[in-house]
Amino acid sequence: MSHIEAEIKLAGETFDELYQRLIAAGCTLELVTPRHFEDNWLFDTPTRSLLASRQALRVRLRDDLPQATLTHKGPPAGTSGSQAKVREEIELTASDGRALMRLLERLGFEKVFRYQKFRTTYRLTHPSGLTLWAMFDETPIGWFLELEADEATLERLVAQLGLGPGDYLTDAYPRLQAERCRAAGRPLEDMTFTLPTGNGR
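What you see as residue numbers is a count from 1 along each chain, following the sequence as written. Only residues with pLDDT of at least 70 are given local features in this predicted model, and only at 80 or more are side-chain atom pairs given and counted; all residues enter the totals for whole chains, interfaces and linings. For side-chain calculations, the full set of non-hydrogen atoms in the structure is used, while hydrogens and water are omitted.

### Focus: the sheet that holds strand S6 (residues 110–125)
Then step 1. Read around the closed barrel, eight strands run S1-S5-S4-S3-S2-S6-S7-S8, paired in antiparallel fashion. Between one strand axis and the next, the sheet turns by 35° as a mean value, whatever way the strands run.
Then step 2. Those strands touched by helix H3 (residues 97–106) are strand S2 (28–44), strand S3 (56–62), strand S4 (68–73), strand S5 (85–94) and S6, and its axis lies near 160° from that of S3. Two strands qualify as a pair provided DSSP detects at least 2 bridges between them. Runs of H or I in DSSP of at least four residues are treated as helices and runs of E of at least two as strands, each being numbered from the N terminus. Helix axes are fitted to C-alpha atoms over the stretch in contact, other axes to C-alpha atoms as well, and angles between N-to-C directions run from 0 to 180 degrees. When checking whether two residues touch, look at their non-hydrogen atoms; a contact exists if any pair is within 4.5 Å.

Set out below in structure tokens:
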């Protein structure tokens, strides 16, 4: 499956804080996928050619699904003046995530970063008629609300909510973690929880 996605992130202290911001704006939220655990692995070539060209190759494991998802994210491709991150995504599913990761390594790719989160997904409807995805993420570095739609819909929602560029983030979790580690004077560390053995498979 291939599609063009646009997304932004809002940061908050708790799930309820982020949820109530949408409710206060008159939005309706319909639960689509209950809270689940995601374990994400990024792969790159030994020369880090994907990072250099602002692409990403990810394997995602979930504790509520037997399949794994392989995703390729293309370089940002937003229109001039776009305030959201816009890029092409190509996704496919595999029945065995660990075998998929071994295959990528056999092909010369390397694991370069791991990040985890608990995600709850809603379908958001704004009073203006806009409909998009709202994903609430509990991560090791805090709570985030990720809003995703086509570029035009997301730009309209940002305007309807009265958000400016300083009110939201467009960086992916690996970049947010890299900035956090750099500010602390540490090399890049995986963004993971301390979990009992077996969680996330």
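### What about the environment of Asp16?
Then step 1. Here Asp16 lies in helix H1 (residues 15–24).
Then step 2. Looking at Asp16, the relative accessible area reads 45%, which means it is partly exposed.
Then step 3. Each C-alpha atom of the pair Asp16 and Arg175 lies 25 Å from the other, and the pair is 159 residues apart in sequence. Each residue is assigned to one of three classes by its accessible area relative to the maximum for its type, calculated with a 1.4 Å probe on protein chains only: buried under 20%, partly exposed between the two thresholds, exposed over 50%.

### As for the side chain of His36
Then step 1. Its location among the elements puts His36 in strand S2.
Then step 2. A distance of 2.9 Å separates a polar side-chain atom of His36 from the backbone oxygen of Pro34.
Then step 3. Polar contacts, as counted here, are pairs of nitrogen or oxygen atoms within 3.5 Å of one another; within protein the pair requires one atom able to donate a hydrogen and one able to accept it, and residues that are adjacent in sequence qualify only if both atoms are side-chain atoms. For His36, the side chain forms a polar contact with the side chain of Glu38, separated by 2.9 Å.
Then step 4. Those residues in contact with His36, other than ones at most four positions away along the chain, are Arg62, Asp63, Asp64, Lys117, Phe118 and Arg119.

### Some remarks on the packing of aromatic side chains
Then step 1. Classification of ring pairs uses Phe, Tyr and Trp, with its six-membered ring standing for Trp, and accepts pairs whose centres are within 6.5 Å; under 30 degrees between planes counts as stacked, over 60 as edge-to-face, and the remaining range as tilted. Here the structure, examined in full by the defined rule, presents eleven aromatic pairs.
Then step 2. Ring centres of Tyr19 and Phe136 lie 6.0 Å apart, and the angle between their planes is 40°; this geometry places the pair in the tilted category. With Tyr19 in helix H1 and Phe136 in strand S7 (residues 131–139), this residue pair connects regions lying 117 residues apart in the sequence.
Then step 3. What makes Tyr19 partly exposed here is its relative accessible area of 21%.

### Thoughts on helix H4 (residues 151–161)
Then step 1. Along H4, the residues classified as buried are Glu151, Thr153, Leu154, Leu157 and Val158. Each buried residue of H4 lies within a common arc of 165° when the element is viewed along its axis, so the set occupies one face.
Then step 2. Its buried side turned inward, H4 meets strand S1 (2–12), S5, S6, S7 and strand S8 (142–149).
Then step 3. Between the side-chain oxygen at the start of H4 and the backbone nitrogen of Ala152 there is a gap of 3.2 Å, and the oxygen is on Asp150.
Then step 4. The first or second residue beyond H4 is Gly162, which carries a positive phi of 70°. Throughout, the arc means that of the directions going from the helix axis to the C-beta atoms.

### Here we look at the pattern of salt bridges
Then step 1. Think of a salt bridge as a Lys or Arg side-chain nitrogen and an Asp or Glu carboxyl oxygen that are within 4 Å of each other. Using the criterion set out here, one finds 16 salt bridges in the structure.
Then step 2. Measuring nitrogen to oxygen at the nearest pair gives 3.3 Å for the salt bridge that ties Glu30 to Arg123. Pair noted here: Glu30 is in strand S2 and Arg123 is in strand S6, with a separation of 93 residues, a long-range link.
Then step 3. Residue class for Glu30 comes out partly exposed when judged on its relative accessible area of 45%.
Then step 4. On the accessibility criterion, Arg123 (31% relative accessible area) is partly exposed.

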